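Structural characterization, general
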Amino acid sequence: MYPMALYSLIVALVLSLFGCNGLDAVSKQDISGTPTSYAQVNKEPNPALVGCYMRSRPSEYNRPNKYEFCLVKSGQGYALYYYMMDGKTLNTFKGWTSAVINGDCLTADYDGATYCAKNGEVLQTTTGSSDEHRMLPMN
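Overview of the structure. (Residues numbered from 1 in each chain as written. Predicted model: local features only at pLDDT ≥ 70, side-chain atom pairs only at ≥ 80, totals over all residues. Heavy atoms only, no water.)

1. Description of the packing of aromatic side chains
- Under the definition given, this model contains six aromatic pairs.
- Relative to Tyr-115, the ring of Tyr-82 lies with its centre 6.3 Å away and its plane at 75 degrees, an arrangement referred to as edge-to-face. Note that Tyr-82 is positioned in strand E4 (residues 77–85) and Tyr-115 in strand E8 (residues 114–118), a separation of 33 residues in sequence. The burial state of Tyr-82 is the same as that of Tyr-115; both residues are buried.
- An aromatic cluster is present here, built from Tyr-53, Phe-69, Tyr-82, Phe-93, Tyr-110 and Tyr-115 joined pairwise through their rings. (Phe/Tyr/Trp six-rings, centres within 6.5 Å; stacked < 30°, edge-to-face > 60°. Helix = DSSP H or I, 4+ residues; strand = E, 2+ residues; numbered from the N terminus. Buried < 20%, exposed > 50% of the residue type's maximum accessible area, 1.4 Å probe, protein only.)

2. A word on the pattern of salt bridges
- Inspection of every chain in the model, using the stated rule, returns three salt bridges.
- With a closest N to O distance of 3.4 Å, Lys-66 and Glu-68 form a salt bridge.
- Judged by relative accessible area, which is 22%, Lys-66 ranks as partly exposed.
- For Glu-132, the salt bridge goes to Lys-118, with nearest N and O atoms at 2.4 Å. Taken together, the residues Glu-132 in the loop between strand E9 (121–125) and strand E10 (133–137) and Lys-118 in strand E8 connect sequence positions 14 residues apart.
- Judged by relative accessible area, Lys-118 falls into the partly exposed class, the value being 37%. (Salt bridge = Lys/Arg side-chain N within 4 Å of Asp/Glu carboxyl O.)

3. Some remarks on the pairing of E10
- Bridge count for strand E2 (residues 51–55) against E10 is three bridges, and the pairing is antiparallel. Residue pairing across strands places Arg-55 opposite Met-135, the latter belonging to E10. (Pairing = 2+ DSSP bridges.)

4. Quick notes on the nonpolar core
- Counting residues in each nonpolar core, the largest one holds 19 residues, and the members touching the most others are Phe-69, Leu-71, Leu-80, Tyr-82, Leu-106 and Tyr-115.
- Where this core is concerned, the elements lending two or more residues are strand E3 (66–74), E4, strand E6 (99–102), strand E7 (105–108) and E8.
- Of the residues forming this core, the biggest block, four residues, is contributed by E4.
- Ala-79, Tyr-81, Tyr-83 and Met-138 belong to the second-largest nonpolar core, a separate cluster that totals nine residues. (Core = buried A, V, L, I, M, F, W, Y, C linked by side-chain atoms within 4.5 Å.)

5. Considering the state of the cysteines
- Enumeration according to the criterion identifies two disulfides in this entry.
- Sulfur-sulfur distance for the disulfide between Cys-52 and Cys-70 comes to 2.0 Å. On the sign convention where negative is left-handed, the bridge of Cys-52 and Cys-70, at about 115 degrees about the S-S bond, is right-handed. With Cys-52 in strand E2 and Cys-70 in strand E3, the pair connects residues that are 18 residues apart, well separated along the chain.
- Note on cysteine connectivity: Cys-105 is disulfide-linked to Cys-116, with sulfurs 2.0 Å apart. The sign of the S-S torsion, about 110 degrees, decides the handedness of the disulfide formed by Cys-105 and Cys-116: right-handed. (Disulfide = S-S within 2.5 Å.)

6. Some thoughts on the layout of surface pockets
- The space that makes up the largest pocket amounts to roughly 290 Å³.
- Around the largest pocket sit 13 residues that line it, and Arg-55, Tyr-61, Pro-64, Asn-65 and Tyr-67 are the ones nearest its centre.
- The residue inventory of the lining of the largest pocket, partitioned by class, reads three nonpolar, six polar and four charged. (1 Å grid on protein atoms, 1.4 Å probe; cavity = no way out; pocket = protein on both sides within 12 Å on 5 of 7 lines; lining within 4 Å. Points joined across faces, edges and corners; volume = space filled by probe spheres on them. Nonpolar A, V, L, I, M, F, W, Y, C, P; charged D, E, K, R; others polar.)

In short, the description is geometric, and any link to function would need to be established separately.
In structure tokens form, the structure reads like this:
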């Protein structure tokens, strides 16, 4: 009977994950439309920044903020689709936001978070902090 109870628990857990809002808050459908805001490009972005990323969960926080972004080329410019969830209040922002691109780094105007390409990775620094958090590619 014990193996059957364990099996039932695993099935229930897997099914509950399907009911969630998914692991990624930004979908391909979100970025398929025409951007409503574009980035100011001071220097063409490092190709590593173009694409979609999510922040890995920092182990030092119990309820960390969640960050995802997609930098897309649209027409002659670049646009940033951004998602941010405050881990304490659960308030969210999701949509196109203006940004500034300076080659290896981009800064989201929504909250001032900076994303930089370094040694083949994309790292995030939030406003008021010098901690760098690794961003993981989303596919």
